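Report on the structure
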Amino acid sequence: DGGITQSPKYLFRKEGQNVTLSCEQNLNHDAMYWYRQDPGQGLRLIYYSQIVNDFQKGDIAEGYSVSREKKESFPLTVTSAQKNPTAFYLCASSIKSGPLEQYFGPGTRLTVT
Amino acid sequence: AQSVTQPDIHITVSEGASLELRCNYSYGATPYLFWYVQSPGQGLQLLLKYFSGDTLVQGIKGFEAEFKRSQSSFNLRKPSVHWSDAAEYFCAVYVTGTASKLTFGTGTRLQVTL
């Protein structure tokens, strides 16, 4: 079955540690996205990638980094510079960039203490 | 800057009753509009979308939405709600330009009573 996989479902880290969230898709989509979701704030775009080896900052990129070395993979690293990293992180993809349906993964809940 | 407003944070309806979730957008041109649904602890699923043409669009799970340009609205409706419709619903607008992206509203949580 085609889809988007995010692992792990729950992630716990100590403050000051970097952590990488995995996102894999087998939909053959060119575009991939990372969103952060906090209660009452909807989804906010962190980074997006329109094609392999290229990515752009979204609205809240500070304290995060990404890579896009393969079409199917778009990992997100939450660095120690992110002031408030505890959140629900969602990865999405679309056939290409543009006003197209985005397909979402199940999300990773990150808790930093 | 473009924005999406969902004025209702939480709505409770009885099973079998009709439903309308409100969405207003702020954008100069005709936007691309979407409604997504999210079950607790899950990702989002597209319910329907509006790009152009007929202003009443049909989606999955019996949902429909109507685009009203004069009111800058794209309200989601369902004639008879089922208990399984309990979830959070997000309206989103795609804006083209130098920073093309999907902008989401803050969501409306729907509770269904039996």
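What you see is a predicted model; the values in this text were computed from it and never measured.

What follows concerns the overall build of chain B. The helix and strand tally for chain B stands at zero helices and twelve strands. Reading the secondary structure of chain B in the N-to-C direction produces β-β-β-β-β-β-β-β-β-β-β-β. Along the first, second and third principal axes, the C-alpha set of chain B runs to 45 × 30 × 20 Å. Once local pairs closer than 6 in sequence are excluded, the contacts in chain B between residues at least 24 apart make up 53%. Accessible surface for chain B amounts to roughly 5,400 Å². Of this, 49% is attributable to carbon and sulfur atoms. Of the charged side chains in chain B, 9 are positive and 8 negative; the average position of the first set lies 6 Å away from that of the second.

Residues and elements named next belong to chain A. Read across the open sheet, the four strands follow the order β1-β3-β8-β7; overall the sheet is antiparallel. In this open sheet, the two edge strands, each paired with only one partner strand, are β1 (4-7) and β7 (64-66). On average, each strand axis in the sheet is tilted by 20° relative to the strand beside it, whichever way the strands run. Judged from the three bridges that link them, strand β3 (residues 19-25) and strand β8 (residues 76-78) form a sheet pairing that is antiparallel. Bridge assignment links Thr20 to a residue of β8, and that residue is Thr77.

In the structure shown here, the tally under the stated rule is 17 aromatic pairs over all chains. Ring centres of Phe34(B) and Phe51(B) lie 5.8 Å apart, and the angle between their planes is 75°; on these two criteria the pair is classed as edge-to-face. Taken as a pair, Phe34(B) in strand β5 (residues 32-38) and Phe51(B) in the loop between β6 (44-50) and β7 (56-58) lie far apart in primary sequence, 17 residues in all. Their ring planes at 50° and their centres at 5.9 Å tell us that Tyr36(B) and Phe104(B) sit as a pair that is tilted. One end of the pair, Tyr36(B), is in strand β5; the other, Phe104(B), is in strand β11 (residues 101-104), with 68 residues separating them in the sequence. Given a relative accessible area of 7%, Phe104(B) falls into the buried group. An aromatic cluster of at least three residues, connected via ring pairs, comprises Tyr33(A), Tyr35(A), Tyr48(A), Phe104(A), Tyr32(B), Phe34(B), Tyr36(B), Phe51(B), Tyr94(B) and Phe104(B). Directly above the ring of Phe74(A) sits Arg68(A), whose terminal nitrogen or CZ lies 6.0 Å from the centroid.

Reading the values: the criteria
- Residues numbered from 1 in each chain as written.
- Chains lettered and ligands numbered in written order.
- Predicted model: local features only at pLDDT ≥ 70, side-chain atom pairs only at ≥ 80, totals over all residues.
- Heavy atoms only, no water.
- Helix = DSSP H or I, 4+ residues; strand = E, 2+ residues; numbered from the N terminus.
- Contact = heavy atoms within 4.5 Å.
- Areas by Shrake-Rupley, 256 points an atom, 1.4 Å probe, with all protein chains shown as cover.
- Lys, Arg positive; Asp, Glu negative; His and termini not counted.
- Charge placed at Lys NZ, Arg CZ, Asp CG, Glu CD.
- Pairing = 2+ DSSP bridges.
- Axes fitted to C-alpha atoms, helices over the stretch in contact; angles between N-to-C directions.
- Phe/Tyr/Trp six-rings, centres within 6.5 Å; stacked < 30°, edge-to-face > 60°.
- Buried < 20%, exposed > 50% of the residue type's maximum accessible area, 1.4 Å probe, protein only.
- Lys NZ or Arg CZ within 6 Å of the ring centre and 35° of its normal.

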